[in-house]
Amino acid sequence: MGTDKAFVTLAGETLLARALRVCRAVSNQVLIVGDRRKFGPFADVVEDVFPGCGPLGGIHAALRASQTDLNLMLAVDVPFVSPALLQFMAARARESSAVVTVPRALHGWQPLCAIYRRAFADAAEQALGSGHYKIDALFDEASTTVIGEEELHSAGFSPEAFRNLNTPEELAHARLA
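Throughout what follows, the structure given in this document is the object of discussion. Just so you know, these numbers come straight off a predicted model, no measurement behind them. (Residues numbered from 1 in each chain as written. Predicted model: local features only at pLDDT ≥ 70, side-chain atom pairs only at ≥ 80, totals over all residues. Heavy atoms only, no water.)

## Observations regarding the overall build of the protein chain
Within the protein chain, the regular secondary structure consists of seven helices and nine strands. Across its three principal axes, the protein chain shows a C-alpha extent of roughly 40 × 40 × 30 Å. Burial status across the protein chain gives 44% buried among its 177 residues. For the protein chain, the share of sequence-separated contacts (at least 6 apart) that also reach a separation of at least 24 residues comes to 65%. With the model as given, the accessible surface of the protein chain reaches about 9,000 Å², and the carbon-plus-sulfur share is 51%. (Helix = DSSP H or I, 4+ residues; strand = E, 2+ residues; numbered from the N terminus. Buried < 20%, exposed > 50% of the residue type's maximum accessible area, 1.4 Å probe, protein only. Contact = heavy atoms within 4.5 Å. Areas by Shrake-Rupley, 256 points an atom, 1.4 Å probe, with all protein chains shown as cover.)

If you want it as structure tokens, here you go:
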């Protein structure tokens, strides 16, 4: 993107403000994983235990800091997710004993818009300690509930909700929509 995605604007709102608004619609405890100095004014912040290890490091830090069993992880660059979709995912997670409830849409896993039980932190910590940073590689090891595109459609949601913004071109296209 060439800039910090958290502070990029879409429809008059930063991606960070948008993600916080959507998360706060479904949970009264919302944390940001990142630099406390940068993000502290917006919400409580948790810093990585394993800095520089990518999103798996952030998931691990959030789960270690959490006091709840079920935890929603949402990246700021997934701005088309609605509170209703997150509530649907949370309901699916509550119905299951799976450690992870994750959509599989748009040709792949959506690990940065998923529900994780705190127990996933153990598998994440083991992987991070071994230098393995790929989140979906842990889905086979952990009990996983997969929400596929057909289930999303049946529940009234479009898989396009998981479209993320990684480039200035994708952002420009989203701004036109």
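## Looking at unusual backbone geometry
Within the chain, Leu-106 stands out as a residue other than glycine whose phi angle is a positive 55°. Tracing the sequence through the fold places Leu-106 in the loop between strand E6 (100-105) and strand E7 (108-109). On the basis of relative accessibility, which here comes to 28%, the residue Leu-106 falls in the partly exposed class. The residue His-107 is not glycine, and still its phi comes out positive at about 70°. As for its position among the elements, His-107 is in the loop between E6 and E7.

## Examining the side chain of His-60
Looking at the secondary structure, you find His-60 in helix H3 (residues 54-65). The class of His-60 is buried, set by a relative accessible area of 1%. Residue contacts for His-60: discarding those within four places in its chain leaves Val-49, Phe-50, Ala-121, Ala-124, Glu-125 and Leu-128.

## Here we look at the pattern of salt bridges
Tallied over the full model, the rule gives 12 salt bridges. The residue Asp-69 makes a salt bridge to Arg-117 at a minimum N-O spacing of 2.4 Å. Taken as a pair, Asp-69 in the loop between H3 and strand E5 (70-74) and Arg-117 in strand E8 (residues 113-117) lie far apart in primary sequence, 48 residues in all. Under the relative-accessibility criterion, Arg-117 is labelled buried at 13%. For Glu-160, the salt bridge is made with Arg-163, and the minimal N-O distance between the two is 3.5 Å. (Salt bridge = Lys/Arg side-chain N within 4 Å of Asp/Glu carboxyl O.)

## Overview of helix H5 (residues 120-129)
Every buried residue of H5 is accounted for by Phe-120, Ala-121, Ala-124, Ala-127 and Leu-128. Viewed end-on, H5 has its buried residues packed into an arc of 125°, placing them on one side of the element. Opposite its buried face, H5 presents the exposed residues Gln-126 and Gly-129, each directed more than 90 degrees away. Buried positions along H5 lie against H3, E6 and E8. Phi turns positive one or two residues past the end of H5, at Gly-131, with a value near 80°. (Arc of directions from axis to C-beta.)

## Digging into the nonpolar core
Counting 29 residues, the largest nonpolar core has Leu-74, Val-81, Leu-85, Met-89, Leu-152 and Phe-162 as its most contacted members. Listing elements by their share of this core, those giving two or more residues are helix H1 (15-24), helix H4 (83-94) and E8. Core analysis: the second largest hydrophobic core is formed by 19 residues, Leu-56, Ala-121, Ala-127 and Leu-138 among them. (Core = buried A, V, L, I, M, F, W, Y, C linked by side-chain atoms within 4.5 Å.)

## A word on the packing of H3 against H5
Where H3 contacts H5, the two axes come as close as 9 Å, and the packing angle between them is 140°. Comparing the axis directions of H3 and H5 gives the class oblique. H3 and H5 meet at a crossing whose hand is left-handed. Across the interface between the two elements, Leu-56, Gly-57, Ile-59, His-60, Leu-63 and Arg-64 from H3 touch Phe-120, Ala-121, Asp-122, Ala-124, Glu-125, Ala-127 and Leu-128 from H5. Residue classes in the contact of H3 with H5 are distributed as eight nonpolar, two polar and three charged. (Axes fitted to C-alpha atoms, helices over the stretch in contact; angles between N-to-C directions. Parallel < 35°, antiparallel > 145°, perpendicular 65-115°, else oblique. Left-handed = near helix turned anticlockwise from the far one by under 90°. Nonpolar A, V, L, I, M, F, W, Y, C, P; charged D, E, K, R; others polar.)

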